Amino acid sequence: MGICGKSRGWRGGVFLLPPRPDTAEHPVCSTRAPARLHIPLAQDRETAATPLVEPGHTVKPGTLLAESPDGNGRVHSPVAGVVRGVIHVDTPYRQHVPAVQVESAPPGQQEVPAGVPHTGDWPAAAELVSLAIAHGVILPDAAAVARAGAVNRIIVNGMDTAPRQTVNVRTLADHVEPLMLAAARLHAALRAQRTDVVVSRTRPDLAAVLRGLCPGRPFRVRAMMNRYPQAHPHLLVAALTGCEVPIHGSPLDCGAWVIDAVTLWNLYGAVASGSPVAWHTITLLGDAVLTPGNYRVPVGLTVRQVVERAGLAATPQRIVAGGWLNGVTVAGGNVVLTRTTRCLTVQSRSGRRPPPAACIRCGACLEACPVGLDPRALYDRAEQNRFDRAERLHPRACLDCGLCDYVCPSSLPLMRGVQWCCEHVRSG
Amino acid sequence: MSDPADTIVPSPAWPRTCAADESPFVTSGASVERTCWLIAAATLPVLAATAWIFGVAVLGQFAAAVAGAWLGERLCRRFLVQGGRGRLPHLIGLGLLLAMTLPPTVGVLVPLVGGFAALVVGKTLLGSLGNYLWNPVLVGWAIVSVVFTGALRPAQWPFLARDHQGTGSLWAVTGGPGYRGFELSPPPPGVEAWAAPRPVDVLVPQYPPLFGGGGSPRPLLEVFRDRLPPWSDTVRGTVGGNMGETCAIAILAGGLCLTVCRVARWTLPVGALVAVAALAAIWPVQIDGPGSPAVWFPLSQVRDGFPVGIALVLFHLTGGGLLTAAMLIAPDPVTTPLTNRGHLWFGVGLGVLTFLFRVNGLSLGAAYWALLAMNTLVPLIDRLTRRRVFGT
Ligand code: SF4
Ligand code: SF4
């Protein structure tokens, strides 16, 4: 509210309904690898990694399959098996992505990777970051973190960015002990002043368990109101430190580094047992899914392979990858999921929005926007292709949260308008 | 198990392609139609109260206004613009709100013309839903108040007397020095309605005119004791006034609904009421009749044990069109600012202008003219109340 001031470091946002069914109720369900996988060599829009294997090569879990020219994007095999070749697949975010096709060995021959367990202190920042990259862990702001002393405050994010997605909270709940150990080690390795572990206030039992582990450790547990999109790193920093991340900056500009529970778990795996990231956890939702919940699946499964692990209750009509407010639809069951896909909703109905109408100036988008943008003005600019003065409206502050679309009574595609302005401001 | 090589044989449960929509895949449920229906529905308490206070026959005038708006809509659809969402609820709301700003004895022609003008001029010609600068209801009202000057300023303001509510006739009326308030005054035989002045019309001459013009003040105590019914009558609605202005309770109920449904924002009416109350509490007024000096801060004045200052403020709040304007007419989102803070300033401006218009002798429709003036300032308010972008 405008006149109540900003009590949580940012204004706007909306309380969305709590998840029903609550996919965080049950532990992550592990699954077996299917007979054939297609491991995509690019997650999002970046250049695809170059394959390092030839057809006929035998691979083991953790074998390096591809590496990007700059050495940052590394792709590992999740299973033991034989490489069949490199084909092109569609991912939710991009079409025609090269992928390594692996025929996996029968379950009996899937030996567990024999990593060397590492229980001591973690290496210092620079070494830790290169270790993470070598194991395919995607760290936010990796280059900046590698500089000693860049991180003053670590924020471990146990909340999920998308509504009803529960990957982070469930990963945290499943591995409380090792994750808290990892947080303590990370704190020491980066020489941080403070570490906060953030969970939603709607999960008091998890907060209690975490608080029980606090004594003798250098971090504090913060239970926060989960007002969407509070879990966005910029807003977490604002709420916890009172510092606003500059428009072109990252949380590190405020001395804070936000790492979510899943990434911390991957990092822990890389450092403590030397296992690279080749499996990922995904929340399966929607009325066409028989048993919604969190599933641990190997990288390189198609939507259909993933959904069939949870059972299909009805013919899927609409499949959404990512959040309900800002995700994308998936063209069909043969789309291959990348490991950045954390949430998949399969619906047996595809409800249509009414056609866009003229803006009625209700102001809902302005009040809901967590960063104080004027989405309707930016949308107008995009609509009329007038970007000359769009820069002054700071479109690049947009967090792509989709709340403006969510609240608009005229069903205007506001977020797309803002993004469009963003692109023009950047290039122009 | 399937893989991309299987695409030629789709299994029965998996369609070849799924719907390709754009986000969001869930919405808050807000829609243009919902907003327009709610604004129309918020007049229902006032409609009920009006039927009770002025007789069910006046509902015909509401129907005439809606019919006028409907005719205008047909015409515009035919010759001017096609398309647009929420047209039906919008025209209904327009008609009902327009009729609320007219006297109960106005007949059917004025609301018919008013509804038509509101839709054709106020809405369509000035830019259609989303673009008009002035509230179309008030544009329609302004047009009829210029065209039918006499009809909007009747000689007397009747309302039904006790025991005749709902069914009585406004024409079997007696004018009233005998009227002591709803509870105290049963009607004389053969009379079904009382006529009493609008409370604000009575208060306006008490203020020393700023820009010439002559007030003819009486002692305030006499005004409250003899010329006005008790204040509770303005809450119940049994006072003289336009159809939608008298019953404060019904207006509040409608306005509250709009606020709870998040169509209106509470900051606007609160700003308006606080501004009017504050100004009425401090503005100099001639309390003791002709020749007496104007007293600043009338709020604390007591005469003969009667708190005239407090009564003055209360009548300012409920005795004219202010509540209707701030709670039911203003919430048209198109003609209000975008942010909560903007709404607050809009409300304050509305209250200040209403009060200034009143003390300068414009008692009828002061709040409506003030609202039109504030509508004009909306682009400015929007500019001044822009939110700071995070991280700048
Ligand atoms: S998508 Fe961007 S513009 Fe829209 S509410 Fe979120 S941050 Fe604001
Ligand atoms: S939410 Fe939609 S209708 Fe309301 S002001 Fe924003 S763009 Fe306009």
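Residues numbered from 1 in each chain as written. Chains lettered and ligands numbered in written order. Predicted model: local features only at pLDDT ≥ 70, side-chain atom pairs only at ≥ 80, totals over all residues. Heavy atoms only, no water.

Some remarks on the sheet that holds strand S6 (residues 74-76) of chain A
As summarised here, the arrangement of the three strands in space is S3-S5-S6 (chain A), forming an open sheet in which the pairing is antiparallel. The sheet is open, and its two borders are formed by strand S3 (50-51) and S6 of chain A, each paired with just one other strand. (Pairing = 2+ DSSP bridges. Helix = DSSP H or I, 4+ residues; strand = E, 2+ residues; numbered from the N terminus.)

What to know about the site of ligand 2
The local shell around ligand 2 consists of Cys-359, Ile-360, Arg-361, Cys-362, Gly-363, Cys-365, Arg-376, Cys-408, Pro-409, Ser-410, Leu-412 and Leu-414 of chain A. For the shell around ligand 2, the class distribution of residues is eight nonpolar, two polar and two charged. (Near = heavy atom within 4 Å. Nonpolar A, V, L, I, M, F, W, Y, C, P; charged D, E, K, R; others polar.)

As for the site of ligand 1
Cys-369, Cys-398, Cys-401, Gly-402 and Cys-404 of chain A are the nearest of the 14 residues found near ligand 1. Of the residues contributing to the shell around ligand 1, the split by class is 12 nonpolar, one polar and one charged.

Some remarks on the domain arrangement of chain A
Per the domain assignment, the segments of chain A are domain 1 (26-104 + 276-347), domain 2 (125-273) and domain 3 (364-427). Once you take the C-alpha centre of each, domain 1 of chain A and domain 3 of chain A turn out to be 32 Å apart. (Domains from an automatic or database assignment.)

Re the pairing of strand S17 (residues 343-347) of chain A
Residue and element names in this part refer to chain A. Burial within S17 is extensive, with five of its five residues counted as buried. As defined by bridge partners, strand S13 (residues 279-285) adjoins S17 across three bridges and the pair is classed as parallel. Directly across from Leu-285, in S17, lies its bridge partner Thr-345. Both strand S15 (residues 318-321) and S17 contribute to a ladder of four bridges, which runs antiparallel. Of the residues in S17, the one forming a bridge with Val-320 is Thr-345. (Buried < 20%, exposed > 50% of the residue type's maximum accessible area, 1.4 Å probe, protein only.)

Points about the packing of aromatic side chains
Residue and element names in this part refer to chain B. On inspection of all chains with the given rule, the structure shows seven aromatic pairs over all chains. Consider the rings of Trp-141 and Tyr-368, whose centres lie 5.1 Å apart with planes at 75°: the pair is edge-to-face. One end of the pair, Trp-141, is in helix H6 (residues 136-147); the other, Tyr-368, is in helix H16 (residues 366-384), and 227 residues separate them in sequence. Overall, the relative accessible area of 1% leaves Tyr-368 in the buried class. Each ring, one from Phe-224 and one from Phe-306, has its centre 6.0 Å from the other, and the planes form 35°; the classification is tilted. Taken as a pair, Phe-224 in helix H9 (residues 220-227) and Phe-306 in the loop between strand S5 (294-295) and helix H13 (308-318) lie far apart in primary sequence, 82 residues in all. The exposure class assigned to Phe-306 is partly exposed, which follows from its relative accessible area of 27%. Sitting over the face of the ring of Trp-157, Arg-198 holds its NZ or CZ atom 5.6 Å from the ring centroid. (Phe/Tyr/Trp six-rings, centres within 6.5 Å; stacked < 30°, edge-to-face > 60°. Lys NZ or Arg CZ within 6 Å of the ring centre and 35° of its normal.)

Topic: the state of the cysteines
Residue and element names in this part refer to chain A. Evaluated as defined, the whole model comprises one disulfide over all chains. Through a disulfide, Cys-243 is tied to Cys-254; the S-S separation comes to 2.0 Å. On the sign convention where negative is left-handed, the bridge of Cys-243 and Cys-254, at about -70° about the S-S bond, is left-handed. Taken as a pair, Cys-243 in the loop between helix H6 (233-241) and strand S12 (256-260) and Cys-254 in the loop between H6 and S12 lie far apart in primary sequence, 11 residues in all. Among the residues examined, Cys-243 registers a relative accessible area of 25% and is labelled partly exposed. For Cys-254, a relative accessible area of 16% gives the class buried. (Disulfide = S-S within 2.5 Å.)

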